[in-house]
Amino acid sequence: MKTYELKLCGLTRQLPICPVSDKLDIAAFIMFGDVEVTVKAAEELLKRCPEHDVVVTAEAKGIPLAYEMARQGCGKYVVARKSTKLYMPDPLKVEVRSITTDRLQTLYISREDAQSLKGKRVLVVDDVISTGESLHAMDELIGQAGGTIVGQAAVLAEGDAADRKDIIYLEPLPLFFKD
Ligand SMILES: O=P(O)(O)OC[C@H]1O[C@H](OP(=O)(O)OP(=O)(O)O)[C@H](O)[C@@H]1O
């Protein structure tokens, strides 16, 4: 399998290159299982992020990062879920389509979590920002909940996201276009 060599916080990882379509491959950055990368990326991002009361991320791959940033920092994180559960009556919801998922998905936060965001300084985090759709959906949910977004951060900014001035990130990640 072809790989892309990622250098991040003094660590080196080989990311598998996977097809998204006939025209596009992406390098898959999966933090699940990699404690060393998660801890170091969280530490480095926190140095660059503004003061905040709570971290918000989207299920699933952002969760270890949000947990670790909250553990090292503000002590509180909220996860926007991709399905509702019995214990989430009447959740806030918004639709989203990310780079790796070809179908429309819905992000939800529980009423209880929404209440905990009201009037709070929120740092939105994810492992990767690519099209920005997932970030946009989280921003909408936080707005619905009455939180104030003070920063938006990701470990990697993929493709054109690396040109964005409204996000904090550690490294760019190229897209691989096929002829
Ligand atoms: O900027 P975007 O184009 O929205 O892409 C970035 C999002 O895509 C990935 O999640 P994915 O949708 O693959 O879901 P998963 O974490 O549940 O695997 C990644 O973890 C981000 O949340």
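Parameters at a glance
Residues numbered from 1 in each chain as written. Predicted model: local features only at pLDDT ≥ 70, side-chain atom pairs only at ≥ 80, totals over all residues. Heavy atoms only, no water. UniProt positions renumbered as here; feature names shortened; annotations may be inferred. Helix = DSSP H or I, 4+ residues; strand = E, 2+ residues; numbered from the N terminus. Near = heavy atom within 4 Å. Polar contact = N/O pair within 3.5 Å; in protein donor to acceptor, adjacent residues only side chain to side chain. Areas by Shrake-Rupley, 256 points an atom, 1.4 Å probe, with all protein chains shown as cover. Nonpolar A, V, L, I, M, F, W, Y, C, P; charged D, E, K, R; others polar. Buried < 20%, exposed > 50% of the residue type's maximum accessible area, 1.4 Å probe, protein only. Lys, Arg positive; Asp, Glu negative; His and termini not counted. Salt bridge = Lys/Arg side-chain N within 4 Å of Asp/Glu carboxyl O. Contact = heavy atoms within 4.5 Å. Phe/Tyr/Trp six-rings, centres within 6.5 Å; stacked < 30°, edge-to-face > 60°. Pairing = 2+ DSSP bridges. Axes fitted to C-alpha atoms, helices over the stretch in contact; angles between N-to-C directions.

Looking at an unreviewed UniProt entry, one finds the protein chain named Adenine phosphoribosyltransferase and attributed to Solibaculum mannosilyticum.

## Looking at the UniProt feature "domain: Phosphoribosyltransferase" (unreviewed entry) in the protein chain
In the UniProt entry, the feature "domain: Phosphoribosyltransferase" (unreviewed entry) is given for residues 40-167. In residues 40-167, the share of helix is 30% and the share of strand is 30%. The end C-alpha atoms are 19 Å apart.

## Let's talk about the site of the ligand
Taken together, 18 residues sit near the ligand, with Ser98, Thr100, Asp127, Thr131 and Ser134 positioned nearest. Between the ligand and alanine 60, the relevant distance is 3.2 Å, taken from an oxygen atom to a main-chain nitrogen or oxygen of the residue. A total of 500 Å² of accessible area belongs to the ligand in isolation, and the protein chains cover 87% of it. It is strand β8 (residues 121-129) that provides the largest number of residues to the shell around the ligand, a total of four residues. Its residues assigned to classes, the shell around the ligand comprises four nonpolar, eight polar and six charged.

## A short note on the side chain of aspartate 139
Locating aspartate 139 in the fold gives a position in helix α4 (residues 133-145). Within the buried core, aspartate 139 has no salt-bridge partner, and the shortest N-O distance to an opposite charge, that of arginine 164, equals 5.9 Å. When residues no more than four places from it in sequence are discounted, the contact partners of aspartate 139 are Val124, Ile149 and Gln152.

## With respect to the packing of aromatic side chains
Under the counting rule described, the total for this entry stands at two aromatic pairs. Between tyrosine 4 and phenylalanine 176 the ring centres are 5.8 Å apart and the planes differ by 65°, which places this aromatic pair in the edge-to-face class. With tyrosine 4 in strand β1 (residues 3-8) and phenylalanine 176 in strand β11 (residues 175-177), the pair connects residues that are 172 residues apart, well separated along the chain. Tyrosine 4 gets classed as partly exposed once you look at its relative accessible area, which sits at 22%.

## Observations regarding the sheet that holds strand β9 (residues 148-158)
Spatially, five strands are ordered β5-β4-β8-β9-β10 in an open sheet, and the strand pairing comes out parallel. Edge positions in the sheet fall to β5 (77-80) and β10 (168-173), since each of these pairs with one other strand and no more. Neighbouring strand axes in the sheet, compared pairwise and without regard to direction, differ in orientation by 20° on average. Note that β9 and β10 share five bridges and pair parallel. From the neighbouring strand, alanine 154 faces β10, where its bridge partner is tyrosine 169. Sitting on the sheet, helix α2 (residues 63-72) is in contact with β4 (54-58), β5, β8 and β9, with an inclination near 140° to β8. Running over the sheet, α4 touches β4, β5, β8 and β9 and is turned about 160° from β8.

## Considerations on the pairing of strand β6 (residues 92-96)
Remark: a regular strand shows side chains that alternate across the two faces of the sheet. Of the two faces of β6, only the one carrying Leu92, Val94 and Val96 is buried; Lys93 and Glu95 on the other face are not. With five bridges connecting them, β6 and strand β7 (residues 105-109) associate as antiparallel partners. Counted as the bridge partner of glutamate 95 is threonine 106 from β7.

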